[in-house]
Amino acid sequence: MSWLLRKRASSVGSIASTSTDASSPSDNHELQASVIKATRPMTNPAAPNELNADPHGLEEIAEQARGNRKGFVNDLVKMLKARLKSEDEKVVLLAIGVFDQCMQECGYDFQLQVAKKALERMGKLSVPGQAPTAVQMLAAETVLKWGSLYGDKDKGFKKAAQAVTDRETKMLQDEFKAQYNDVKERVKAMKVAQKADIEELQQAMKEMGITPKTTESQEALQKQPIPLLLARAGEASDMLEALMSSSTPEELNSNSDAHEQVISCLKYQTHIDIVEPRIRDAATKAQAERTLTELTKRIEAFLVATSGGDHDHDHHEAGRPPDVDPSNG
């Protein structure tokens, strides 16, 4: 949108040059009308979701810029700043766009006046929660752009851009911290639940006179590479399925190998649940999700088969729990 450059191509001097012509009330009224026109949203039936303004408003501002009258820059900055205070989100978005275009094409005097009179307002709009999201994001993007382009001309631009950068960095750090704390709490809860499940199984084994064997510790699992962890988890899941397929519920209850196998599966289940969100490779992530699903299904099937609850022999053969497909092994 090079409206000022096109309009000023045949003009001598620039809007930043000095003139002795005084500003008149009629000049201000004409400029005010043009600024309002350039920042007033228009509906385009062909593109109802696009944000547009009357293009004649920008053309009129460019035409008036050719006059180089004294006070024009100050008046334009003041009037555009007033539009930044509008309660209409679309008006503010259009005003930011006009401001940015003028910053590029109106020279140092305009940039200096923006730094003095409008940059603070732009900074406020760039703060999350101080303006609608679309306005806040555009204001932050524009302030960062100005800091990069005009920071050497006025330190105010660099300072405002640094404030946006610092704020965004802190937001990212806070978000990461919140996610980290959430993961820690989830891991803690899973470890507590896993410990309770294992203790319950071991107690049941003790009551039946079965001596628990040593199973792989959680610390040992954490040291395994993820592909090896998934492979061994799959093997443990398949072994549990094989034990359930070949045993009645009574046999499972008295089978120490079956109990040790379900404890092993519980440990694999917990650890995969912890590491799965951190896996970046798509194929490995898909494998982790499949393994986790199988582990969960088979652990639940074992607990149902050995709980003495709703267990229907008509639904399976040789003690296989309901809804467990042997082909999944």
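Engineer: I would appreciate a short explanation of the overall build of the chain in the present structure.
Structural biologist: Summing up its helical and strand segments, the chain has 14 helices and 2 strands in all. Here the chain holds 329 residues, and the buried ones make up 41% of them. The long-range share in the chain, meaning contacts at least 24 apart out of those at least 6 apart in sequence, stands at 70%.

Engineer: Would you mind going over the nonpolar core with me for this structure?
Structural biologist: Among soluble globular proteins, nonpolar side chains are generally buried collectively. In this structure, Leu76, Phe99, Phe110, Val114 and Trp146 are the most contacted members of the largest nonpolar core, which totals 39 residues. Mapped onto this core, the elements with two or more residues apiece are helix H2 (25–38), helix H3 (55–65), helix H4 (72–84), helix H5 (89–105), helix H6 (107–117), helix H7 (119–125), helix H8 (133–150) and helix H9 (155–207). Here this core takes 8 residues from H5, the largest share from any one element. Once you skip the residues sitting within four places of it in the chain, tryptophan 146 turns out to touch Phe99, Asp100, Met103, Val114, Leu119, Met122, Gly151 and Phe157. Counting residues in each nonpolar core, the second largest holds 24 residues, with Leu240, Met244, Cys265 and Ala305 among its members.

Engineer: Can you walk me through the environment of proline 41 in this structure?
Structural biologist: Secondary-structure assignment places proline 41 in strand E1 (residues 41–42). For the pair proline 41 and aspartate 88, spaced 47 residues apart in sequence, the C-alpha to C-alpha distance is 9.5 Å. Aside from chain neighbours lying at most four places away, what touches proline 41 is Leu51, Asn52, Asp88, Lys90, Val91 and Leu94.

Engineer: In this structure, what is going on with the packing of aromatic side chains? I would like to understand it.
Structural biologist: What characterises a pair of aromatic rings is the spacing of the ring centres plus the angle enclosed by the ring planes. All chains considered together, the criterion is met by 3 aromatic pairs. Here the aromatic cluster, defined as three or more aromatic residues joined through ring pairs, consists of Trp146, Tyr150 and Phe157.

Engineer: It is not clear to me how the side chain of glutamate 105 should be interpreted in this structure. Could you clarify?
Structural biologist: Secondary-structure assignment places glutamate 105 in helix H5. Taking the relative accessible area as the measure of exposure, glutamate 105 reaches 8% and is therefore buried. Only 2.3 Å separates the side chain of glutamate 105 from the side chain of glutamine 101, close enough to count as a polar contact.

Engineer: Sorry, what's going on with the packing of H5 against H8 here?
Structural biologist: How two helices sit against one another is set out by the angle between their axes and by the gap between those axes. One can describe the packing of H5 onto H8 by two numbers: an axis separation of 10 Å at closest approach and a directional angle of 10°. Classified by the angle between their axes, H5 and H8 sit roughly parallel to one another. Of H8, the residues touching H5 (which contributes Glu89, Val92, Leu93, Ile96, Phe99, Asp100, Met103 and Gln104) are Ala134, Val135, Leu138, Ala139, Thr142, Lys145, Trp146 and Tyr150. Looking at the contact of H5 with H8 residue by residue, the classes come out as 11 nonpolar, 2 polar and 3 charged.

Engineer: Honestly, helix H14 (residues 282–307) in this entry has me stumped. Any pointers?
Structural biologist: Since the α-helix advances by 3.6 residues per turn, residues separated by three or four positions end up pointing in the same direction. Taking 1.5 Å of rise per residue, the 26 residues of H14 would be expected to cover 38 Å, and the 37 Å separating its terminal C-alpha atoms lies within 8% of that figure. Where H14 is concerned, the buried positions are Thr284, Ala288, Thr291, Leu292, Leu295, Arg298, Ile299, Ala301, Phe302, Ala305 and Thr306.

Engineer: Would you explain H3 in this entry?
Structural biologist: The complete set of buried residues in H3 reads Gly57, Leu58, Ile61, Ala62, Gln64 and Ala65. Buried residues of H3 fall within an arc of 165° about the axis and therefore sit on the same side.

Engineer: Is there a simple way to think about the side chain of threonine 306 in this case?
Structural biologist: Secondary-structure assignment places threonine 306 in helix H14. You can call threonine 306 buried: its relative accessible area is 16%. Of note is the side chain of threonine 306, whose polar atom sits 2.9 Å from the backbone oxygen of phenylalanine 302. With near-sequence residues (within four places) excluded, threonine 306 lies in contact with Leu252 and Asn253.

Engineer: What exactly am I supposed to notice about the pattern of salt bridges here?
Structural biologist: It is possible for side chains of opposite charge to pair when their charged atoms get near one another. One pass over the structure, following the stated rule, counts 11 salt bridges. A salt bridge links arginine 298 to glutamate 294; the nearest nitrogen and oxygen atoms lie 3.3 Å apart. Placement of both arginine 298 and glutamate 294 in helix H14 is noted, with a separation of 4 residues, approximately one turn of the helix. Shared partners join several salt bridges into a network, and the residues in it are Asp238, Glu241, Glu294, Lys297 and Arg298.

Engineer: Would you mind showing me how to read the environment of threonine 142 here?
Structural biologist: Relative to the elements of secondary structure, threonine 142 occurs in helix H8. Judged by relative accessible area, threonine 142 falls into the buried class, the value being 5%. For the pair threonine 142 and glycine 123, spaced 19 residues apart in sequence, the C-alpha to C-alpha distance is 9.7 Å.

Procedures and definitions
- Residue numbers restart at each chain and count upward from 1, following the sequence in its written direction.
- Per-residue local features are limited, in this predicted model, to residues with pLDDT of at least 70; the limit for side-chain atom pairs, both in listing and counting, is 80 or more; totals at the level of whole chains, interfaces and linings are taken over all residues.
- The basis for every side-chain value is the complete set of heavy atoms in the structure, and neither hydrogens nor water enter the calculation.
- To qualify as a helix, a DSSP run of H or I must reach at least 4 residues; to qualify as a strand, a run of E must reach at least 2; elements of each kind are numbered from the N terminus.
- When accessible area is computed with a 1.4 Å probe and restricted to protein chains, residues below 20% of their type maximum are described as buried, those above 50% as exposed, and intermediate ones as partly exposed.
- The contact criterion used is simple: two residues touch if any of their non-hydrogen atoms lie within 4.5 Å.
- Side-chain atoms within 4.5 Å link the members of a nonpolar core, which is a set of buried Ala, Val, Leu, Ile, Met, Phe, Trp, Tyr and Cys residues.
- Planes of paired rings set the category: under 30 degrees apart is stacked, over 60 is edge-to-face and the rest tilted, where pairs are Phe, Tyr or Trp rings (Trp by its six-membered ring) whose centres lie within 6.5 Å.
- Within 3.5 Å is the distance limit for a polar contact, defined as a pair of N or O atoms, with the added protein rule that one can donate a hydrogen and the other accept it, and that residues adjacent in sequence qualify only through two side-chain atoms.
- Axis lines are fitted to C-alpha atoms, over the contacting stretch for helices. Their N-to-C directions set the angle, which ranges from 0 to 180 degrees.
- We call two directions roughly parallel when the angle between them is under 35 degrees, roughly antiparallel when it is over 145, roughly perpendicular when it lies between 65 and 115, and oblique otherwise.
- Gly falls in the polar group here, along with every residue not listed as nonpolar (Ala, Val, Leu, Ile, Met, Phe, Trp, Tyr, Cys, Pro) or charged (Asp, Glu, Lys, Arg).
- Multiply 1.5 Å by the residue count of a helix minus one, and that product is the helix's expected span.
- This arc is built from the directions going out from the helix axis to the C-beta atoms.
- Here, a salt bridge means any Lys or Arg side-chain nitrogen found within 4 Å of an Asp or Glu carboxyl oxygen.

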